[in-house]
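Chain by chain, the residues run as shown.
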Amino acid sequence: MMNVFKGRKVVGGTARGEALVTKEPICFLGGIDVKTGKVTEVGHPLEGKNIAGKVLVFPTGKGSTGGSYLIFEASENGVGPCAMINRNVEQVTVIGCIIAEIPMIDKIEPDPIEFIKDGDLLEVNADEGIITILAR
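How each quantity is defined
- Residues numbered from 1 in each chain as written.
- Predicted model: local features only at pLDDT ≥ 70, side-chain atom pairs only at ≥ 80, totals over all residues.
- Heavy atoms only, no water.
- Salt bridge = Lys/Arg side-chain N within 4 Å of Asp/Glu carboxyl O.
- Helix = DSSP H or I, 4+ residues; strand = E, 2+ residues; numbered from the N terminus.
- Buried < 20%, exposed > 50% of the residue type's maximum accessible area, 1.4 Å probe, protein only.
- Arc of directions from axis to C-beta.
- Contact = heavy atoms within 4.5 Å.
- Pairing = 2+ DSSP bridges.
- Axes fitted to C-alpha atoms, helices over the stretch in contact; angles between N-to-C directions.

Caption draft 1: The pattern of salt bridges, seen in detail. For the structure on display, the rule yields 6 salt bridges. Lys-62 is paired through a salt bridge with Glu-41; the nearest N and O atoms lie 3.0 Å apart. Taken together, the positions of Lys-62 in strand 5 (residues 61–62) and Glu-41 in the loop between strand 3 (26–27) and strand 4 (55–58) put the pair 21 residues apart, joining distant regions of the chain. Its relative accessible area of 37% is what places Lys-62 among the partly exposed residues. Note that Arg-136 and Asp-120 form a salt bridge whose closest N and O atoms lie 3.6 Å from each other. Here Arg-136, found in the segment after strand 9 (130–135), pairs with Asp-120, found in the loop between helix 3 (112–115) and strand 8 (121–125); they are 16 residues apart in sequence, far enough to count as distant.

Encoded structure:
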């Protein structure tokens, strides 16, 4: 089984953490409680789960431009993710990761949502565009 994957650096940095994976886009404006890190979007597959300290793996962001600041605010409150992995990034999430200094990678082959599972321990080296599954 392959444990090292290459993608495109979007926001540099490194992180290590447990994966939290969804096949659904995430809206940071109204979908995440920035004081607790809990996913609050009703009906979302991650509803009730917490993003704090996790490597958040999702296809792309959705929603309003206010989401950028909310990513930053969650990070400042100590409840943001340690890294983000997307199929394809969009501007709101990228800006949030830039101002919060959260490492971000996209365009990984194969599709990261298909091979990374909840609870996998990941090492993310966004500077090199490399994701390593350390433990399942």
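Following the structure, the description resumes.
Caption draft 2: Here's a closer look at helix 1 (residues 66–76). Among the residues making up helix 1, those that are buried are Gly-67, Ser-68, Leu-70, Ile-71 and Ala-74. The arc that holds the buried residues of helix 1, viewed along the axis, is 170°, so those residues lie on one side. In this structure, the buried side of helix 1 is in contact with strand 6 (83–86) and helix 2 (91–100). Directly after helix 1, the chain includes Gly-78, whose backbone phi takes a positive value near 80°.

Caption draft 3: Molecular detail of the sheet that holds strand 1 (residues 4–11). With respect to topology, 7 strands assemble into a closed barrel ordered 1-7-6-4-2-8-9, the strand pairing being mixed. Looking at each pair of strands side by side, their axes are set apart by 35° on average, direction ignored. Sheet analysis places strand 2 (residues 14–21) next to strand 4, joined by 3 bridges and oriented parallel. Residue Leu-20 lies in a different strand from strand 4, and its bridge partner there is Leu-56. Each of strand 1, strand 4, strand 6 and strand 7 (104–109) touches helix 2; the most contacted strand, strand 1, lies at about 85° to it.

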